[in-house]
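Structure at a glance
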Amino acid sequence: MEKGSVGTLESALASPFFSASPDGLVVVDQSATIVACNQQVEEFLGYAPEELIGQPIERLVPGPMRTVHESHRDTYLREPRVRSMAAGLHLKALCRDGKEIPVDIALSPFETNEGTYTIAAVRDATERLQAEIAEFQADEWRAIIDDRQRIARDLHDTVIQDIFAAGMGLQALQRQMPEESMRDHLGTSVAHLDSVITRLRKVIFNLSRGDEAEPIDAAARR
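Residues numbered from 1 in each chain as written. Predicted model: local features only at pLDDT ≥ 70, side-chain atom pairs only at ≥ 80, totals over all residues. Heavy atoms only, no water.

1. Looking at the overall build of the protein chain
The condition that has to hold: Helix and strand definitions follow DSSP, with helices as H or I runs of at least four residues and strands as E runs of at least two, each counted in order from the N terminus. We call two residues in contact whenever any of their non-hydrogen atoms come within 4.5 Å of each other. Using a 1.4 Å probe, accessible areas were evaluated by the Shrake-Rupley method; residue-level cover was limited to the displayed protein chains.
The helix and strand inventory of the protein chain stands at 7 helices and 6 strands. Start at the N end of the protein chain and walk to the C end: the helices and strands fall as α-α-β-β-α-α-α-β-β-β-β-α-α. In the protein chain, once contacts between residues fewer than 6 apart in sequence are set aside, the share between residues at least 24 apart is 51%. In the structure as shown, the protein chain presents an accessible area of about 13400 Å², 54% of it carried by carbon and sulfur atoms.

Now the structure itself:
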């Protein structure tokens, strides 16, 4: 609601916008005293409208936040304008039962014949915050999957191939050895390298698992 004359406060409150709004609407005067609120305030904060009329707006603000809120409130009332309240901060409202819930608040001043009032539109932000947390966690998981995939590719494309090449070299050397004991010793080393490759392939497979992971062919390029 843009700032501008709407006649009397009573006529403003009689508007269908006030009663039908999906948000909780709280109207305060220039002293930040609540003069009206709609039924939606009761639905998600638990206060009956008559319980709040005549109370300071800080009645809806959790105790630790009241001092900061009073400062912001006074700054706003000196130059009221349409805006979101404390954009970027995590705001909370105090319910009648003492529970604190996250909220989004938008402020809209309006002029009447009796003076300037401000409507605070209060919306429960619980679902929005839960969606943001879920999205953040999904982004973190995707980053983990990407990192695991990178490590798996590096292991497969470099480490396993290097070990395999070393094993092939030892096998070639084994065939050239005249002493049986040396051939046996080199054979043991080659078998050990084969075992290391097998274990690495299991690690690669585990790293590659995940809903968004692209499986790596563990038997490729041996």
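2. Re the nonpolar core
To keep it simple, the criterion reads: Throughout this description, the term nonpolar core refers to a set of buried Ala, Val, Leu, Ile, Met, Phe, Trp, Tyr and Cys residues connected via side-chain atoms within 4.5 Å. The buried label goes to any residue with under 20% of its type's maximum accessible area, the exposed label to any with over 50%, and the partly exposed label to all in between, with areas taken from a 1.4 Å probe on protein chains only.
Within the largest apolar cluster, 22 residues are counted, with the highest numbers of intra-cluster contacts made by V26, L45 and L60. Elements with a contribution of two residues or more to this core: strand 1 (24–28), strand 2 (34–37), helix 3 (39–45), strand 4 (91–94), strand 5 (100–112) and strand 6 (115–124). A total of 4 residues in this core trace back to one element, the largest contributor, which is strand 5. Residues within four places of L60 in sequence aside, it is in contact with V26, I34, L45, Y47, L52, K92, A93 and L94.

3. A few points about the pairing of strand 6
Two faces, one strand: in a regular strand the side chains alternate between the faces of the sheet. Put simply, the rule reads: Note: two strands are recorded as paired if DSSP finds a minimum of 2 bridges between them.
The buried fraction of strand 6 is high, at 8 of 10 residues. Judged from the 5 bridges that link them, strand 1 and strand 6 form a sheet pairing that is antiparallel. Of the residues in strand 6, the one forming a bridge with V26 is A120. Here 10 bridges tie strand 5 to strand 6, and the two strands are oriented antiparallel to one another. Its bridge partner lying in strand 6, T112 is registered against G115. Hairpin geometry of strand 5 and strand 6 is characterised by an intervening segment of 2 residues between the two adjacent antiparallel strands.

4. Focus on the pairing of strand 1
Of all 5 residues making up strand 1, 5 are buried, and the element is well covered by its neighbours. Residue alternation in strand 1 divides its side chains into two sets, G24, V26 and V28 and L25 and V27, and both sets are buried. Taken together, the 3 bridges between strand 1 and strand 2 define a ladder with antiparallel strand orientation. By the bridge assignment, V28 is partnered in strand 2 with I34. The hairpin turn running from strand 1 into strand 2, its antiparallel successor, is 5 residues long, and A32 in that turn takes a positive phi close to 65 degrees.

5. Looking at unusual backbone geometry
Phi at A32 is positive, roughly 65 degrees, even though this residue is not glycine. Residue A32 is classed as buried on the basis of its relative accessible area of 2%.

6. Re the packing of helix 6 (residues 126–176) against helix 7 (residues 180–208)
Selection criterion: Throughout, an axis means a line fitted to C-alpha atoms (over the contacting stretch in the case of helices), and angles, computed between N-to-C directions, take values from 0 to 180 degrees. Here roughly perpendicular refers to angles of 65 to 115 degrees, roughly parallel to angles under 35, roughly antiparallel to angles over 145, and oblique to all remaining angles. Left-handed describes a crossing whose near helix is turned anticlockwise from the far helix by less than a right angle; the clockwise case is right-handed. All residues other than Ala, Val, Leu, Ile, Met, Phe, Trp, Tyr, Cys, Pro, Asp, Glu, Lys and Arg, Gly among them, are scored as polar; the first ten of these are nonpolar and the last four charged.
At their nearest, the axes of helix 6 and helix 7 sit 9 Å apart, and the two run at 170 degrees to each other. Between helix 6 and helix 7, the crossing angle belongs to the class labelled roughly antiparallel. As for how helix 6 packs across helix 7, the hand of that crossing is left-handed. In terms of residue class, the contact of helix 6 with helix 7 is built from 19 nonpolar, 9 polar and 3 charged.

These results come straight from atomic positions and should not be treated as a statement about function.
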